[in-house]
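Residue strings, one per chain:
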Amino acid sequence: MLAQFPVRSIARRCAKRSAAALRTIEDMPMPANEMPATTGDADLLRETERARLRALVAGHPGDAKEFHAPDFQLITPIGAALSRDEYIGAIASGQLKYLTWQPADIAVRLYEGAAVLRYQAQLEVVFGGHRIPRGEYWHTDLYEIREGRWMVVWSQATAIS
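Residues numbered from 1 in each chain as written. Predicted model: local features only at pLDDT ≥ 70, side-chain atom pairs only at ≥ 80, totals over all residues. Heavy atoms only, no water.

**Some points on the overall build of the protein chain**
Point 1. Looking only at helices and strands, one finds four helices and seven strands in the protein chain.
Point 2. Reading the protein chain from its N terminus to its C terminus gives the helix and strand order α-α-α-β-β-α-β-β-β-β-β.
Point 3. Relative to its full complement of 161 residues, the protein chain shows a buried share of 33%.
Point 4. The long-range share in the protein chain, meaning contacts at least 24 apart out of those at least 6 apart in sequence, stands at 48%. (Helix = DSSP H or I, 4+ residues; strand = E, 2+ residues; numbered from the N terminus. Buried < 20%, exposed > 50% of the residue type's maximum accessible area, 1.4 Å probe, protein only. Contact = heavy atoms within 4.5 Å.)

Right, here's the structure in full:
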């Protein structure tokens, strides 16, 4: 249990052995631009992400494009980098078809003008005519406020083996 871990006594012992001054975890400042995520802010971001996923699964490229910043980039589970136009274009052409995308709980870290979302999801997709069986993936998305609303800028998916 973290609360029982003797952080301060270890820090004192290490400080005596080292010329560098050590600080305990409790003394470390929070980043100046990190803001506490209010329930409303976090819920809005979660709903925005869920709406983006619904548009992608429905195969509505026009609707999906509205959630993606012009400079959006996706890093796929195989390491390929796709721009917004490449990603949305693959959906529009049928090259990429999401059959299911079911996110679990979405964690939100909110910063001034930006937010990071992370969650696990079950995905099933057809890519280039090849059905990829349902699998578990980690998703990390960076959102920024653009044009007065939250838009996803970067997205990365990692397969869970």
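What follows continues from the structure just given.
**A short note on the packing of aromatic side chains**
Point 1. Using the criterion set out here, one finds two aromatic pairs in the structure.
Point 2. When the centroid spacing of 5.8 Å and the interplanar angle of 25° are considered together, the rings of Phe72 and Tyr87 count as stacked. One end of the pair, Phe72, is in strand β1 (residues 68-75); the other, Tyr87, is in helix α4 (residues 84-93), and 15 residues separate them in sequence. Here the two residues Phe72 and Tyr87 agree in accessibility, since each one is buried. (Phe/Tyr/Trp six-rings, centres within 6.5 Å; stacked < 30°, edge-to-face > 60°.)

**Let's talk about the layout of surface pockets**
Point 1. Taken as a whole, the largest pocket holds about 450 Å³ of empty space.
Point 2. As for the largest pocket, its lining consists of 19 residues, of which Thr76, Pro77, Leu96, Val125 and Phe127 are closest to the centre.
Point 3. For the lining of the largest pocket, the elements supplying multiple residues, two or more each, are α4, β3 (96-103), β5 (114-127), β6 (130-146) and β7 (149-159).
Point 4. Here the residues of the lining of the largest pocket sort into 16 nonpolar, three polar and no charged. (1 Å grid on protein atoms, 1.4 Å probe; cavity = no way out; pocket = protein on both sides within 12 Å on 5 of 7 lines; lining within 4 Å. Points joined across faces, edges and corners; volume = space filled by probe spheres on them. Nonpolar A, V, L, I, M, F, W, Y, C, P; charged D, E, K, R; others polar.)

**Here we look at unusual backbone geometry**
Point 1. One non-glycine residue, Glu147, adopts positive backbone phi at about 55°.
Point 2. Tracing the backbone through its elements, the reader meets Glu147 in the loop between β6 and β7.

**Quick look at helix α2 (residues 39-58)**
Point 1. Helix length check: α2 (20 residues) gives 28 Å between terminal C-alpha atoms against 28 Å at 1.5 Å per residue, within 8%.
Point 2. For α2, every residue scored as buried is listed here: Ala42, Leu45, Thr48, Glu49, Ala51, Arg52, Leu53, Ala55 and Leu56. (Expected span 1.5 Å × (residues − 1).)

**Some points on the confidence of the model for the protein chain**
Point 1. Overall, the predicted model of the protein chain reaches an average pLDDT of 82, with 76% of residues at or above 70.
Point 2. Mean pLDDT across the secondary structure elements of the protein chain bottoms out at helix α1 (residues 7-17), with 36, and peaks at β1, with 98.
Point 3. Predicted confidence for residues 1-33 stays below pLDDT 50, and this span has 14 contacts to residues more than four positions away or in other chains. (pLDDT = per-residue confidence, 0-100.)

**Comments concerning α4**
Point 1. Listed as buried for α4 are Arg84, Tyr87, Ile88, Ala90 and Ile91. Projected onto a plane normal to the axis of α4, the buried residues spread over an arc of 150° and lie on a single side. Facing away from the buried side of α4 by more than 90 degrees, the exposed set consists of Asp85, Ala92 and Ser93.
Point 2. Residues of α4 that are buried sit in contact with α2, α3 (61-65), β1, β2 (81-83) and β3.
Point 3. Positioned one or two residues after α4, Gly94 has a phi angle of 85°, which is positive. (Arc of directions from axis to C-beta.)

**Considerations on the nonpolar core**
Point 1. By size, the foremost hydrophobic cluster in this structure holds 30 residues, and its most contacted members are Leu45, Leu56, Tyr87, Leu96, Tyr98, Trp101 and Leu117.
Point 2. At the level of elements, α2, β1, α4, β3, β4 (107-111), β5, β6 and β7 are the ones that each hand at least two residues to this core. (Core = buried A, V, L, I, M, F, W, Y, C linked by side-chain atoms within 4.5 Å.)

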